[in-house]
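Analysis of the macromolecular model
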Amino acid sequence: MTDLTAALGAEAGRAFARLGLDPALGRVTPSDRPELADFQINGAMAAARQVRRRPLEIAGDIAAVLAGAPGVESVAAAGPGFVNIRVSAEALAARAEAILAHPMAGAEAVTAPRRVIIDYGGPNVAKEMHVGHLRASIIGESVKRLHRLLGDDTIGDAHFGDWGFQMGLLIIACLDRLPALAAWAEGFAGDEAQAREGEAMLAGIALEDLDRLYPAAAAQAKTDVEYRERARRTTAELQAGDAAYRLIWSHFVRLTKASLERDFHALGVDFDVWKGESDVDPLIGPMIAELEEKGLLVDDQGARIIRVARQGDRRELPPLIVVSSEGSAMYGTTDLATVLDRRRYFDPELALYVVDQRQADHFETVFRAAYLAGYAAHGSLRHVGFGTMNGADGKPFKTRAGGVLKLRDLIDMVTEKARERLHEAGLGGELDAEDFEEIARKVGVAALKFADLSNFRGTSYVFDLDRFSSFEGRTGPYLLYQAVRIKSLLRRAAEEGLAAGPIAILAQAERELALTLDAYPRALAEAYDKSAPNAVAEHAWRLAQAFSRFYGACPVISAEPAIGASRLALSSAALNQLEGALAVLGIETPDRM
């Protein structure tokens, strides 16, 4: 399914070729002056430098060739060397009809689908998620949905932080709090009766307890050398397979996963794989031996490292520490083993790591080591970094008391604000309490997600709950309102026995809506290439605005029958595409408000 830009670009490329010029100069883009033209070509200026002719002359020649092209109503050379194109109403109508009939509302699948794994979320075991997990979760989910929509075989992996020193700290914190559990662990021989006894004691430890215990244990480990060494020994014994410690650790994992699934579900986030760092632990020993065989490991002050710096690097990149001077595997070691694990289980052609931008150097180091080891093809590992969500003070968002805000509390906060906004707008009054709550949840999540995804992921932004939850302006609730408005219009038409018919583009607002519908594949392609869902958010916003102008200028129910039938079809096309774009962003649309 070809959009108008691509079709005109092909015609323009042939026009440049007829003049003995590079066809690539025929690239067509939306016009910078929509009041003058729908599309423009800028290639005449580049061509002029190559053939030493005036750009306006070349533009005139191109315009003359394009004058008879299919779908072109008018074409003219302008300014220093632009070619301005206005497409015919018939071409716009045909394009809108095709979008209405298309199962993906005009979205075009990639020509060469790949197997793609997306690493996002990254929650830690034994902790409730906080606001710092928000961006990884919703950006990663949107990137996953985008790749899946466009035809890639896509796998989303939560990548649990469930291994390492923090687990040893938590285990000894629990043992110190529960002497009976400590005694049980000391005498645990691994039989079923003893295991049930341990599980009964562990049942009294909730996630909230772990959330309190860990910060205290971490603080003590910083100043208490003996305590820190004890935690390290416990970590080593856990990783070596100590049965009691493994049972305690398993309790931590079960508790955490239940909490994570609840919070992720509330955000509309789901994963295909719930693997953790622990899953690759068996690979680390053989991997280190293999790296040794390949001559990649270098001794450095008691540690074993892989040097990844390259000649020509603009700044010095540190080596990957594979084995610490104390003999333990490091965070980067686990990430390298994860690359190897994914190759063996999924063999992805592309792996995207949706992680805070501040981890850029870490991932560049790991990726280079993976390429050197032959665990991944060059360029197949990509860090999709993002900035922070900040408060009004420009610093990472916190509670009023200055603490880290839990993600569950943030979701509750936006849902409560959505209730207020719905009441203020006089919406939802005819709904029962259960339906109203479901709509408030959708509006709240839409406010939260669109506020984030409408920004380029690499930038930080200030979260303003009042502004982002408004039903006016560039917000998620506004987009939901427009979708519900279209649904209401279509229901009313059906009740009056009106049906959609052939599309005819007559009014300017209809032209603008059809041109906006045509832009969807370009927005998806930009988002796909850059792993940047903001391009889809921008399109959804433009589409909602275009429909709002159309709705205000073009009567539907009261129009003459053929015109009304055309406008019903345009409205349906707009709804299908708006809901499709919002689905890529992970935003659900209600049927009513």
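Computed from a predicted model, the values in this text were never measured in an experiment.

**A word on helix α9 (residues 207-223)**
- Its 17 residues place the ends of α9 25 Å apart at the C-alpha level, agreeing with the 24 Å of an ideal helix rising 1.5 Å per residue.
- Regarding α9, the residues found buried are L207, D209, L210, L213, Y214, A217, A218 and A221.

**Focus: the sheet that holds strand β2 (residues 39-41)**
- Overall, antiparallel pairing links the four strands, which are arranged β1-β2-β4-β3 in an open sheet. One side of each edge strand has no neighbouring strand; the edge strands of this open sheet are β1 (28-30) and β3 (72-78). Looking at each pair of strands side by side, their axes are set apart by 30° on average, direction ignored.
- Note that β1 and β2 share three bridges and pair antiparallel. Paired with V28 across the bridge in β2 is I41.
- Across the sheet, helix α3 (residues 55-66) lies against β2, β3 and β4 (82-87), angled at about 170° from β3, the strand it touches most.

**A few points about the packing of helix α20 (residues 520-530) against helix α21 (residues 534-553)**
- Following both chains from N to C, one finds α20 and α21 inclined at 160°, their axes separated by 7 Å at the closest point. With respect to their mutual orientation, α20 and α21 come out roughly antiparallel. Contacts between α20 and α21 involve Y520, A523, L524, E526 and A527 from the first element and A535, V536 and H539 from the second.
- A per-class count over the contact of α20 with α21 returns six nonpolar, one polar and one charged.

**Focus on the environment of G379**
- Here G379 is to be found in the loop between α14 (360-373) and β11 (381-384).
- Excluding residues that lie within four positions of it along the chain, G379 makes contacts with L350 and Y371.

**Comments concerning the packing of aromatic side chains**
- On inspection of all chains with the given rule, the structure shows 16 aromatic pairs.
- Each ring, one from Y345 and one from F346, has its centre 6.4 Å from the other, and the planes form 45°; the classification is tilted.
- Residue class for Y345 comes out exposed when judged on its relative accessible area of 59%.
- Given a relative accessible area of 18%, F346 falls into the buried group.
- What links up through ring pairs into an aromatic cluster is the set Y120, F160, F264, F271 and W274.
- In this arrangement the basic side chain of R232 is found over the ring face of F165, its NZ or CZ atom lying 5.9 Å from the centre.

**Things to note about the nonpolar core**
- Residues L66, V83, I85, F252, L410, F463 and L513 are the most contacted members of the largest nonpolar core, which totals 159 residues.
- Sequence-distant contacts of L410, that is, excluding residues within four places in its chain, are made with V131, L134, M389, F397, L405, L448 and F463.
- I155, V280, F363 and A373 belong to the second-largest nonpolar core, a separate cluster that totals 34 residues.

**Let's talk about empty space enclosed by the protein**
- Per the stated rule, a full pass over the model turns up two cavities of 30 Å³ or more.
- Along its surface, the largest cavity is lined by A266, L267, G268, R441, K442, V445, A446, K449, G586 and E588.
- Of the residues forming the lining of the largest cavity, the biggest block, five residues, is contributed by helix α16 (residues 433-453).
- Of the residues assigned to the lining of the largest cavity, the class counts are four nonpolar, two polar and four charged.
- Its boundaries defined by the atoms lining it, the second largest cavity holds a volume of some 40 Å³.

**Some details on the layout of surface pockets**
- Taken as a whole, the second largest pocket encloses approximately 1,200 Å³ of empty space.
- Lining the second largest pocket are 36 residues, with T5, P30, L515, A519 and R522 sitting closest to its centre.
- For the lining of the second largest pocket, the residue count by class is 15 nonpolar, eight polar and 13 charged.

**Things to note about the pairing of strand β8 (residues 303-306)**
- Bridge count between strand β7 (residues 298-300) and β8: three bridges; the pairing is antiparallel. Opposite V298, over in β8, you have I305 as the bridge partner.
- Hairpin geometry of β7 and β8 is characterised by an intervening segment of two residues between the two adjacent antiparallel strands and by a positive phi of about 50° at Q301.
- Strand direction decides the pairing type here: β8 and strand β9 (residues 320-323), joined by three bridges, are antiparallel. Its bridge partner being in β9, R304 is matched across the sheet by V323.

**A short note on the sheet that holds β9**
- Within the open sheet, the three strands sit side by side as β7-β8-β9. Their pairing is antiparallel. A strand with exactly one partner marks an edge of an open sheet, and here the two such strands are β7 and β9. Along the sheet, successive strands turn relative to each other by an average axial angle of 50°, direction set aside.

**Some words on the side chain of R342**
- With respect to the secondary-structure elements, R342 resides in helix α13 (residues 331-345).
- By relative accessible area, R342 is classed as buried at 3%.
- Once you skip the residues sitting within four places of it in the chain, R342 turns out to touch I117, D119, D157, H159, D347, P348 and Y353.

**Let's talk about helix α19 (residues 508-518)**
- Most of α19 sits inside the fold, with nine of its 11 residues counted as buried.
- Within α19, the full set of buried residues consists of A509, E510, R511, L513, A514, L515, T516, L517 and D518.

**Quick notes on the pattern of salt bridges**
- Tallied over the entire structure, the rule returns 51 salt bridges.
- The closest approach of N and O atoms between D356 and R358, which form a salt bridge, is 2.5 Å.
- Residue R358 is classed as exposed on the basis of its relative accessible area of 62%.
- Among the charged side chains, a salt-bridge network with shared partners connects D3, R95, D518 and R522.

**Describing unusual backbone geometry**
- Unlike most non-glycine residues, A105 shows phi in positive territory, near 55°.
- Taking the relative accessible area as the measure of exposure, A105 reaches 5% and is therefore buried.
- Phi angles above zero are rare outside glycine, and D347 is one such case at about 50°.
- The residue D347 is located in the loop between α13 and β10 (350-354) in this model.

**Here's the deal with the pairing of strand β6 (residues 153-157)**
- Here β6 lies mainly inside the structure; four of its five residues are buried.
- Both strand β5 (residues 115-119) and β6 contribute to a ladder of five bridges, which runs parallel. In the sheet register, I118 faces β6, and the bridge partner there is G156.
- Chirality of the crossover, the property in question, places the unit of β5, helix α5 (residues 134-149) and β6 among those that are right-handed.

Criteria and thresholds
Sequence positions are assigned chain by chain, starting from 1 and proceeding in written order. Predicted model: local features are reported for residues with pLDDT of at least 70 only, side-chain atom pairs are reported and counted for 80 or more only, and whole-chain, interface and lining totals are derived from all residues. Processing note: side-chain calculations cover all non-hydrogen atoms of the structure and skip hydrogens and water entirely. A helix here means a DSSP run of H or I that spans at least four residues, while a strand means a run of E at least two residues long, and both kinds are numbered starting from the N terminus. In this scheme, a helix's expected span is set at 1.5 Å multiplied by one less than its residue total. The classification of residues rests on relative accessible area computed with a 1.4 Å probe and restricted to protein chains. Under 20% of the type maximum is buried, over 50% is exposed, and intermediate values are partly exposed. Paired strands are those between which DSSP finds at least two bridges. Comment: axis = line fitted to C-alpha atoms, over the contacting stretch for helices; angle = value between 0 and 180 degrees taken between N-to-C directions. In this description, contact between two residues means that some pair of their heavy atoms is separated by no more than 4.5 Å. Angle categories are assigned with fixed cut-offs, so that under 35 degrees is roughly parallel, over 145 is roughly antiparallel, 65 to 115 is roughly perpendicular, and the rest are oblique. For this classification, the nonpolar set comprises Ala, Val, Leu, Ile, Met, Phe, Trp, Tyr, Cys and Pro, the charged set comprises Asp, Glu, Lys and Arg, and every other residue, Gly included, is treated as polar. Any two rings among Phe, Tyr and Trp, with Trp reduced to its six-membered ring, count as a pair given centres within 6.5 Å; such a pair is stacked if its planes are under 30 degrees apart, edge-to-face if over 60, and tilted if neither. In this scheme, Lys NZ or Arg CZ marks a charge over a ring once it lies within 6 Å of the ring centre and within 35 degrees of the ring normal. Here the nonpolar core consists of buried residues drawn from Ala, Val, Leu, Ile, Met, Phe, Trp, Tyr and Cys, with membership extended through side-chain atoms lying within 4.5 Å. Residues are called lining when one of their atoms sits within 4 Å of a cavity or pocket point, these points coming from a 1 Å grid over the protein atoms alone, where a cavity is a set in which a 1.4 Å probe fits but cannot get out and a pocket is an open set with protein on both sides within 12 Å along at least five of seven lines. Grid points are joined across faces, edges and corners, and a volume is the space filled by probe spheres set on the points. Salt bridge criterion: a side-chain nitrogen from Lys or Arg within 4 Å of a carboxyl oxygen from Asp or Glu. By the criterion used throughout, a crossover qualifies as right-handed when its path from the first strand across the helix to the second strand runs clockwise, the strands pointing away from the viewer.

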